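Spelled out, the chains give:
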Amino acid sequence: MNETTSFAALGLSEPLVRALEAEQFRTPTPIQAQAIPSLLSGRDVLGIAQTGTGKTFAFGLPVIDRLLADRARPVPKGARALVLAPTRELASQIEASLSKIAKPLGLRLAVIFGGVGFGPQINAMSRGVDILVATPGRLMDLIQRGAVRLDGVHFLVLDEADRMLDMGFVHDVLKIVDKLPSARQSLLFSATMPATLSRILTRLLKDPVRVEVTPEVVTVDRIEQHLYQVESAQKRHLLVRLLQNQDLRRVVVFTRTKRGADRVAEALDGAGHAAAALHGNKSQGARQKALARFKTGDVRVLVATDIAARGIDVADVTHVVNFELPDEPESYVHRIGRTARAGRAGVALSFCDRGERDRLKAIERLIRRPLTAADPASAPAIVAASADAGVVSAPVAPAPRINQAPAQPRPAGARPRRPRRGPRSHAA
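Residues numbered from 1 in each chain as written. Predicted model: local features only at pLDDT ≥ 70, side-chain atom pairs only at ≥ 80, totals over all residues. Heavy atoms only, no water.

**Things to note about the overall build of the chain**
Rules: Put simply, DSSP H or I for four residues or longer makes a helix, DSSP E for two residues or longer makes a strand, and each gets a number counted from the N terminus. When a residue's accessible area, from a 1.4 Å probe over protein chains only, is under 20% of the maximum for its type it is buried; when over 50% it is exposed; and in between it is partly exposed. In what follows, residue pairs with any heavy atoms lying within 4.5 Å of each other are defined as contacts. Methods summary: accessible areas were calculated by the Shrake-Rupley approach with a probe of 1.4 Å, and residue burial reflects only the protein chains presented.
Helix and strand counts for the chain stand at 16 helices and 16 strands. For the chain, buried positions account for 53% of its 428 residues. If you take every contact in the chain between residues at least 6 apart in sequence, the share linking residues at least 24 apart comes to 75%. Of the roughly 19,300 Å² that the chain leaves accessible, carbon and sulfur atoms contribute 49%.

Here it is, written out as structure tokens:
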């Protein structure tokens, strides 16, 4: 499709275009330019797009436009459009983005997710809403309590569908879909297309138009990527030493498990580097507080699991550290995409122990290039992201090898010491 220079040229109504201009949105992104005309024409759409490409407005604007064209009132406890998202953070982010445009135009929105009380969400749904944004688990809870009905939904959106499958939501999603009217328009957005998702697409979409932008390899090309081969027991020591370089100004560290995230955050705090953990075992209030402290700079490092990090949208993350390589290579692309946002450059540093080499090979196959090896023994010249263009090196002073203790003098005639073993691994 040729590049479109205005939202009006895509076919959006004049009131909606004015609302966008009031919020300083004037030029559609590629995914918006491709998806919006098909959605306005009533077609189901399958969109392949990553976080940060503008997909919330790609599905949200045509839904808002069609709801404005038919000003039917939502039934009590019902919704006219339903957006499903895998995490609390992403659901909140979607609702906040759509509210900026939809509320001034007279539409009602609500967001429901777990980790908070039922009362306010039940009250929000009592009169019915035009757009409901929800996580599948909490939505099923409210349906079973009789607080939500879905028989009036005309538009269904599944955002980050691949992550919903990873989180085990597939059965809840299919139960929810079965409660919707068959005469509806459905939109599904996913960063990847795993086989499991492909197998159930016929239950979710009817003869969809497929739109796809920003292949993963293009995104990672903007990010300077370095690899540290390091044993798991030494990963924390290496991370602490890397953080001595102040060019790592705002850092997201990824672990594979919630327990691992807590341990790394505690270790960093103990070493004098302000850190907070973000994962699914935290209450919603604690998660929002951790993210807010990270955004304001009260903490320099956010230690997160893959699932919790899906809602992180901070424009000036300078570095991403893969403390542990992910099980799925696609998650590597999602992780490092937390940096290099809004046209900025970024840096990704990955730790790999001998048990993670198969994961490393899978990542390199996906991004179609090897990761640049760095020497952890010298606390290397650490790359620093430039907000303007490119990346520059900022050397730090060499440090002792991390896998051996500094030599100590021995009394004459003493037996040689055995090499000292490192501390037990706490890697999850």
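**Quick look at helix 8 (residues 170–178)**
Our working definition: Throughout, the arc means the angular range of directions from the helix axis out to the C-beta atoms.
Within helix 8, the full set of buried residues consists of V170, V173, L174, I176 and V177. Around the axis of helix 8, the buried residues are gathered within 160° of arc, so they sit on the same side. What points out from helix 8, more than 90 degrees from its buried face, is the exposed set H171 and D178. Turning to helix 8, the residues buried within the fold contact strand 2 (79–84), helix 6 (136–144), strand 5 (155–158), helix 7 (161–166) and helix 9 (195–204).

**What about the nonpolar core?**
To keep it simple, the criterion reads: By nonpolar core we mean a set of buried residues, namely Ala, Val, Leu, Ile, Met, Phe, Trp, Tyr and Cys, connected to one another through side-chain atoms within 4.5 Å.
The biggest cluster of nonpolar side chains holds 44 residues, and the ones touching the most others in it are L12, L61, I64, I94, I101 and I131. Among the elements that take part in this core, helix 3 (residues 55–69) stands out by supplying eight residues, more than any other. Filtering out sequence-adjacent residues up to four positions away, I94 remains in contact with T56, F59, V83, A85, V133 and D159. Counting 37 residues, the second largest nonpolar core, distinct from the first, contains L84, I112, L139 and L180.

**Regarding the packing of aromatic side chains**
This is how the line gets drawn: Planes of paired rings set the category: under 30 degrees apart is stacked, over 60 is edge-to-face and the rest tilted, where pairs are Phe, Tyr or Trp rings (Trp by its six-membered ring) whose centres lie within 6.5 Å.
For the coordinates displayed, the defined rule picks out four aromatic pairs. Where F25 meets F57, the ring centres are 4.9 Å apart and the plane angle is 75°; that geometry is what we call edge-to-face. Within this pair, whereas F25 is found in the loop between helix 1 (14–22) and helix 2 (30–40), its partner F57 is found in helix 3, the two being separated by 32 residues in sequence. Exposure remark for F25: the relative accessible area of 31% places this residue in the partly exposed category. Ring geometry for Y228 and F351: centres 5.9 Å apart, planes at 80°, overall edge-to-face. Note that Y228 is positioned in strand 8 (residues 223–229) and F351 in strand 13 (residues 346–352), a separation of 123 residues in sequence. Grouped by ring-pair contacts, the aromatic residues Y228, F323 and F351 constitute a single cluster.

**Section: the sheet that holds strand 12 (residues 319–322)**
Counted only if it meets this: Only when DSSP finds a minimum of two bridges between them are two strands counted as paired. An axis is simply a line fitted to the C-alpha atoms; with a helix, the fit covers only the stretch in contact. Between two such axes, the angle follows the N-to-C directions and lies from 0 to 180 degrees.
The sheet built from seven strands is open, its strands ordered 10-11-9-12-13-8-14 with parallel pairing. The two strands at the open ends of the sheet, each matched to only one other strand, are strand 10 (275–278) and strand 14 (372–374). Along the sheet, successive strands turn relative to each other by an average axial angle of 25°, direction set aside. In the packing of helix 15 (residues 329–336) onto the sheet, contacts are made with strand 8, strand 9 (251–254), strand 12 and strand 13, and the angle to strand 12 comes to roughly 150°.

**Observations regarding the pairing of strand 9**
Looking down a regular strand, the side chains alternate between one sheet face and the other. Here strand 9 shows no split at all, with V251 and V253 on one side and V252 and F254 on the other all buried. Of the pairings in the sheet, the one linking strand 9 to strand 11 (residues 301–304) comprises four bridges and is parallel in character. Each bridged residue has a counterpart across the sheet, and for V251 the counterpart in strand 11 is V301.

**A short note on the environment of V45**
As for its position among the elements, V45 is in strand 1 (residues 45–48). Spatially, the C-alpha atom of V45 lies 8.7 Å from that of K206, the residues being 161 residues apart in sequence. With residues up to four places along the chain from it excluded, the contact list for V45 reads S38, L39, S186, L187, L188, L205, P208, V209 and V211.

**Considerations on the pattern of salt bridges**
For clarity, the cut-off: A side-chain nitrogen of Lys or Arg and a carboxyl oxygen of Asp or Glu constitute a salt bridge if their distance falls within 4 Å.
Under the defined criterion, the tally for this structure stands at 17 salt bridges. Put simply, D159 and K55 hold a salt bridge, and the shortest N to O gap is 2.8 Å. Remark: K55 occurs in helix 3 and D159 occurs in the loop between strand 5 and helix 7; sequence separation between them is 104 residues. The same class applies to D159 and to K55, which are both buried. The shortest N-O distance in the salt bridge between R80 and D130 comes to 2.8 Å. Residue R80 is located in strand 2, and its partner D130 is located in strand 4 (residues 129–134); the two are separated by 50 residues in the primary sequence. One salt-bridge network, in which partners are shared between bridges, spans K235, R256, D353 and E356.

**A few points about helix 15**
Burial analysis of helix 15 places seven of its eight residues in the buried class, which makes it a mostly covered element. Among the residues making up helix 15, those that are buried are P329, S331, Y332, V333, H334, R335 and I336.

**Side note on the packing of helix 8 against helix 9**
Going by this rule: Oblique is the label for every angle not falling under 35 degrees (roughly parallel), over 145 degrees (roughly antiparallel), or within 65 to 115 degrees (roughly perpendicular). Note on convention: near helix rotated counterclockwise from far helix by under a right angle means a left-handed crossing. Clockwise means right-handed. Residues are grouped as follows: Ala, Val, Leu, Ile, Met, Phe, Trp, Tyr, Cys and Pro are nonpolar; Asp, Glu, Lys and Arg are charged; every other residue, Gly included, is polar.
Helix 9 packs onto helix 8 with a crossing angle of 15° between their chain directions and a minimal axis gap of 11 Å. Classed by the angle they form, the pair helix 8 and helix 9 counts as roughly parallel. As for how helix 8 packs across helix 9, the hand of that crossing is left-handed. Contacts between helix 8 and helix 9 pair V170, V173, L174, V177 and D178 from the former with I200, R203 and L204 from the latter. Classifying every residue of the contact of helix 8 with helix 9 gives six nonpolar, no polar and two charged.

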